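Coordinates in review
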Amino acid sequence: MDTKEALSELRELAQGLHPMILTRSGLAAAVRAAARRASVRAEVAEVPEERFPPDVEAAAYYVVSEALANAGKHASATRARVSIRRSGGVLRVQVADDGVGGADPAAGSGLTGLADRVAALGGTLRVTSPPGAGTVITAELPCGA
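Residues numbered from 1 in each chain as written. Predicted model: local features only at pLDDT ≥ 70, side-chain atom pairs only at ≥ 80, totals over all residues. Heavy atoms only, no water.

**Some points on the pairing of strand β5 (residues 135-142)**
Note the threshold: Being paired, for any two strands, means DSSP has found at least two bridges between them. Numbering of helices and strands runs from the N terminus; a helix is a DSSP stretch of H or I covering at least four residues, while a strand is a stretch of E covering at least two.
Pairing geometry for strand β3 (residues 90-97) and β5, over 8 bridges, is antiparallel. Residue Val 93 lies in a different strand from β5, and its bridge partner there is Ala 139. The pairing of strand β4 (residues 124-128) with β5 spans 5 bridges and is classified as antiparallel. When the sheet's bridge partners are listed, Arg 126 is paired in β5 with Thr 138.

**Examining the side chain of Asp 97**
The criterion, for reference: For every residue, the accessible area obtained with a 1.4 Å probe (protein chains only) is divided by the maximum for its type, and the residue is called buried under 20%, exposed over 50%, and partly exposed between those limits. This count recognises Lys and Arg as positive and Asp and Glu as negative, with His and chain-terminal groups excluded. Between Lys or Arg on one side and Asp or Glu on the other, a salt bridge is scored when a side-chain nitrogen of the former is within 4 Å of a carboxyl oxygen of the latter. Here a polar contact is taken to be a pair of N or O atoms separated by no more than 3.5 Å, where protein atoms must pair a possible hydrogen donor with a possible acceptor and residues adjacent in sequence count only if both atoms sit in side chains.
Examined against the element boundaries, Asp 97 turns out to sit in strand β3. Here Asp 97 sits buried without a salt bridge, and the closest side chain of opposite charge, Arg 79, lies 9.5 Å off (N-O distance). Of note is the side chain of Asp 97, whose polar atom sits 2.8 Å from the backbone nitrogen of Gly 99.

**What to know about the environment of Ser 76**
The line we're drawing: Two residues form a contact once any of their heavy atoms are found within 4.5 Å.
Residue position: Ser 76 is located in the loop between α4 (54-73) and β2 (79-87). On the basis of relative accessibility, which here comes to 57%, the residue Ser 76 falls in the exposed class. The spatial distance from the C-alpha of Ser 76 to the C-alpha of Gly 99 is 5.2 Å, given a sequence separation of 23 residues. When residues no more than four places from it in sequence are discounted, the contact partners of Ser 76 are Ala 71, Gly 99 and Val 100.

Okay, structure coming up:
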């Protein structure tokens, strides 16, 4: 096995692991920690303190993490805003950045993996990313009544 293969396998393994803070303290604490670690200035505008099913919390967390990583790595963004809100039985996760836009989920990026993760829970993922106008990633996850 060469180094590239080993790194690829390690990334796949890491994507399946839950951060300890998510398991222990819940989505709100994990999202705030992800925002602090982001390479762009990330504001957590709102996030419910309540606990959700573990698979929903994990999917929401990974949407936020991937969106923040993409904002810094691909979008040349300087700011991002995270908003998570429960409305009835749906958890709506939104991350908006001020980057260059042009994100394309069909290009085989990490956005494809996010869409698959969200869809596996019966949710939807939308990416709005017009060139020159930033990116907004919105996931809607069923979270129970």
